[in-house]
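If you want the building blocks of each chain, they are given just below.
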Amino acid sequence: MGHSVLVCDDAIFMRTMISDILSQAGFEIVGEAESGVQAVQQYRSLRPDLVTMDIVMPDMGGIDAVREICKEDPSARILMCSAMGQQALVVEAIQAGAKDFVVKPFQPSRVLEAVQRVLG
Amino acid sequence: MDLSKYAALFLAESREHLAACNQSLLEWERDLAATEPVGNLFRAIHTIKGMAATMGHDTVAALAHRTESLLDAVRGGRVAPSPDVVQLLFSAVDALTTAVGRVGRGEAEDDNEHGALLADLDAAAGAAAGPADLADQAGPADTAPLRSRLVEVVIRPMAPLRGGRALLALRRAEALGRVQDVRPGAHMFERDDFDGRFTFRLTGDLDDGMVEAAIRAAGDVEQVLVGDAVQGGSVAARRQIRVDLGRLDALMKQVGELVVARNRLADIAGRSGEAALGETSERIARLVSAMQGEVLAARMNPVAEVFDRFPRVARDLARDLGKQVRIDAEGGSIELDRAVLDEIGEPLLHLIRNALDHGIESPADRIAAGKPAEGRVQLSATRERNTVAIRVSDDGRGIDRAAILVRGRRDGSIGPDVTVLSDDLLLRILARAGFSTATRVSGVSGRGVGIDIAVTRARALGGTLSVTSEQGKGTTWTLRVPLTLAIVRALLAGVGDERYAVPIAFVAETVEFDARQVSAVRDREAMVVRNHAIPTVHLRREVGIEGNPPARRPGIILEVGERRAALVVDRLLGQQDIVVEPFEAPDGLPPFLGGATILADGAPALILDAAALV
């Protein structure tokens, strides 16, 4: 059984893409969230092995969601999904507890490398 | 310290070293007088010992320690090499392999299993070592308990968001020991112009190899220098030779061809589905990327080379004009490809002349306006994504929009309905060849303002020129240019059967275009992304492709400075490094097609000019 993953992004397009990349690599997508608030709630109930988190989301952004999740579970493994030019935000997310990041637009190999680093 | 995340690293590295040990033993067996295999064996076993002790695998550590002692005795000439010694060491390496295997399977270590072997090793080494006391016996090489050392880390130049990556590398180091004296300060990681190179002091009990491996595991790490190597590396970096620019150009062209060939190979490998071909192709891809990075780095020169020319020119100009002007420059250490650097001097000179001639007022006018008699022109360079923004700001009178409006109406370039000139519109009018509001012809910037030349040059470089101006306060021109000309990372987009390349430097993100979220802003269609309305551009429509688009379409959010547009395409086809080919635009080609390239599969594709689309 592959690792369980919670995918958080407000765009269905992005969620679908990440889910496809990860499920093809043998991961099990156990949940999807489209806001920071949902991400925290879903994390609480699902306790996934890995979370992919968009930085900019409605209802509590990705960074606040990371902070909230790490407060409850310091060992949470969160992979940030960022865009070019979000250097300061990515740094903030890592300080909040995110374990790695990937940059949109995604290359599947880069996503999987980052996931391996986070889970490794 | 949580070591579990290093378990995989420990296993992989130990296995590598053990495999190398077998090779060295075979080599040594063929020639017992050879010293190199002994040295290699010693270092490999020593590294395994350090890692195993750190991970708390005592059986492995003890075995490695006793093996190392024997090797040290051979190395030091206290024990003569013999077939028996080699055989014993083969057995030791086998035992280590077994012990590491147990660790890998998560099985308990068996201290008694190797009793006889340990006794043999001790006997062969002259029993000098005695029972293992790892803290005292740490080898002469590089494991000292709680040693403090300088570490230098370089993030790959092409890696996205290098600051974030640097912080992850620092986090990995923090898991190994105490981190101090981070330079430049960690706040630099948040800045776009952070160059990916930093140093810190690490205090911990790990050996250098493990430190390097752990930091490399953060991903996108180009180089890790630990301890003495840092100094050596810095000295080496300062050693320079002169290279004919023509050679670098030729090398760059070759690398460009190599990139195209690599992309092609990756494409063929991907379609063939053959694993070995795929692996080789990936390896070649990595090597080519590294080589591309090196060649690009070799071509980089600081912007200061261009900036440094201007103070003197400005001084002479100011004197001719009877003005007092101080010119300051910052960000001169930011680097650009030599070819880009060579092209920006002239447009910058136009902008500076323009600032001195039309921007900065005479000392009397300045004092009357409550400003210091001496005017200021500020030059600055900042990194913004894969581009560099070079700004020329003056604290002069600003552009007289009313005068431009009157002039523009008279020559018909502005419709009668326009009452306010936006910065964009202002630029478009100023950029018309020969446009001038100057009531006199000065010897400095001539009849026109030279903006047309600056705009043309910026576009030719794949960059942009923009302007902001406030009456009475001053004007800022921003010239944005790519870091390098030859090879550009691009996002490939498809519409109909055609493919287009969008330079990644201008791609902020990709989103799903959803017709339901479309609204209109000032009669233009716009899509709402996170509460912001972004004007849409349908590529299908722009290039005149008939037929129905697919139901689900991606939108590429283009960002040029402050301006954004959502480019709606049929599908995204991934990223590729493309080589920009010289391009002679045929008549009638839309202005947003800024170049051509050959894609991985050998087919040509056109490059979209983001600046012309937003």
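Here, the structure is the one placed above.
Residues numbered from 1 in each chain as written. Chains lettered and ligands numbered in written order. Predicted model: local features only at pLDDT ≥ 70, side-chain atom pairs only at ≥ 80, totals over all residues. Heavy atoms only, no water.

**Points about the sheet that holds strand β19 (residues 563-568) of chain B**
All names here are of chain B.
Then, number 1: With mixed pairing, the 6 strands of this open sheet are ordered in space as β14-β18-β19-β17-β16-β15. Among the strands making up the open sheet, the edge pair consists of β14 (507-513) and β15 (518-521). Within this sheet the neighbouring strands show an average axis-to-axis angle of 40 degrees, counted without direction.
Then, number 2: Two strands pair when backbone bridges link them, and β15 and strand β16 (residues 524-529) are joined in this way by 4 bridges, in the antiparallel orientation. What sits directly across from V518, in β16, is M527. (Pairing = 2+ DSSP bridges. Helix = DSSP H or I, 4+ residues; strand = E, 2+ residues; numbered from the N terminus. Axes fitted to C-alpha atoms, helices over the stretch in contact; angles between N-to-C directions.)

**Focus on the packing of aromatic side chains**
Then, number 1: Across all of its chains, the model carries 3 aromatic pairs over all chains by this definition.
Then, number 2: Measuring from centroid to centroid gives 5.0 Å for F189 of chain B and F194 of chain B, while their planes differ by 55 degrees, and the two rings are tilted. Just as F189 of chain B is buried, F194 of chain B falls in that class too.
Then, number 3: When the ring of F198 of chain B is compared with that of F200 of chain B, the centres are 6.0 Å apart and the planes differ by 25 degrees; the resulting orientation is stacked. Just as F198 of chain B is buried, F200 of chain B falls in that class too.
Then, number 4: Three or more aromatic residues joined by ring pairs form one cluster here, namely F189, F194, F198 and F200 of chain B.
Then, number 5: Between R75 of chain B and the ring centre of F42 of chain B, over which it is positioned, the NZ or CZ distance is 3.8 Å.
Then, number 6: Residue placement shows R165 of chain B over the ring face of F101 of chain A; its charged tip is 4.2 Å from the ring centre. (Phe/Tyr/Trp six-rings, centres within 6.5 Å; stacked < 30°, edge-to-face > 60°. Buried < 20%, exposed > 50% of the residue type's maximum accessible area, 1.4 Å probe, protein only. Lys NZ or Arg CZ within 6 Å of the ring centre and 35° of its normal.)

**Some thoughts on helix α13 (residues 310-321) of chain B**
Structurally, the α-helix is built with 3.6 residues per turn, so residues lying three or four positions apart point the same way.
Residues and elements named next belong to chain B.
Then, number 1: Between its terminal C-alpha atoms α13 stretches 16 Å, which fits the 16 Å expected from 12 residues at 1.5 Å a residue.
Then, number 2: By the burial criterion, the buried members of α13 are F310, A314, L317 and A318. Angular distribution of buried residues about the axis of α13 spans 100 degrees; they occupy a single face of the element. In α13, the exposed positions angled more than 90 degrees off the buried face are occupied by R312, R319 and D320.
Then, number 3: Considering only its buried residues, α13 is in contact with α12 (304-307), β6 (325-330), α14 (338-359) and β8 (375-384).
Then, number 4: Just beyond α13, the residue with positive phi is G322, at close to 70 degrees. (Expected span 1.5 Å × (residues − 1). Arc of directions from axis to C-beta. Contact = heavy atoms within 4.5 Å.)

**Re the sheet that holds strand β9 (residues 387-394) of chain B**
In a beta sheet, neighbouring strands are held together by backbone hydrogen bonds and run either parallel or antiparallel to one another.
Residue and element names in this part refer to chain B.
Then, number 1: Read from one edge to the other, the open sheet built from 5 strands follows the order β6-β8-β9-β11-β10, with strand pairing classed as mixed. The open sheet has two edge strands, β6 and β10 (464-470), and neither has a second partner. Neighbour to neighbour, the strand axes of the sheet diverge by 15 degrees on average, direction disregarded.
Then, number 2: One ladder, built from 6 bridges, connects β6 with β8; its direction is parallel. The partner of A329 across the bridge, within β8, is L379.

**As for helix α2 (residues 36-46) of chain A**
Residue and element names in this part refer to chain A.
Then, number 1: Here α2 has its buried residues at G36, A39, V40 and Y43. One side of α2 carries all its buried residues, which in axial view fall inside an arc of 95 degrees.
Then, number 2: In the core, the buried residues of α2 are packed alongside β1 (4-8), β2 (28-33), β3 (50-54) and α3 (62-72).
Then, number 3: Where α2 ends, the next residue or the one after it, R47, has phi of about 45 degrees, a positive value.

**Thoughts on unusual backbone geometry**
Then, number 1: With a phi angle near 45 degrees, R47 of chain A is a residue other than glycine that sits in the positive phi range.
Then, number 2: As for its placement among the helices and strands, R47 of chain A is situated in the loop between α2 and β3.
Then, number 3: According to the relative accessible area criterion, R47 of chain A is partly exposed, its value standing at 41%.
Then, number 4: Not every positive phi belongs to a glycine, and L161 of chain B is a case in point at roughly 45 degrees.

**What to know about the interface of chain B and chain A**
Where interface size is quoted, it is often the accessible area lost as the parts come together.
Then, number 1: Taken together, the contact between chain B and chain A spans 36 residues of the former and 29 residues of the latter.
Then, number 2: Carbon and sulfur atoms make up 58% of the surface buried where chain B meets chain A, a total of about 2,800 Å² over both sides.
Then, number 3: When the buried surface of chain B facing chain A is broken down by residue, L161, E190 and R530 of chain B rank first, second and third, together holding 21% of it.
Then, number 4: Note that R110 of chain A is salt-bridged to D220 of chain B, the shortest N-O span being 2.5 Å.
Then, number 5: Where chain B meets chain A, there are 8 residue pairs in polar contact (both at pLDDT 80 or more).
Then, number 6: Taken together, the elements giving at least two residues each to the side of chain B that touches chain A come down to α7 (162-174), β12 (487-495), β14 and β20 (571-579) of chain B.
Then, number 7: For the side of chain B that touches chain A, the per-class residue count stands at 15 nonpolar, 6 polar and 15 charged. (Buried area = accessible area lost by both parts, 1.4 Å probe. Salt bridge = Lys/Arg side-chain N within 4 Å of Asp/Glu carboxyl O. Polar contact = N/O pair within 3.5 Å; in protein donor to acceptor, adjacent residues only side chain to side chain. Nonpolar A, V, L, I, M, F, W, Y, C, P; charged D, E, K, R; others polar.)

**Remarks on the state of the cysteines**
Residue and element names in this part refer to chain A.
Then, number 1: On inspection of all chains with the given rule, the structure shows 0 disulfides over all chains.
Then, number 2: Here C8 is not disulfide-linked; the sulfur of C81 is the nearest cysteine sulfur, at 8.8 Å.
Then, number 3: Taking the relative accessible area as the measure of exposure, C8 reaches 0% and is therefore buried. (Disulfide = S-S within 2.5 Å.)

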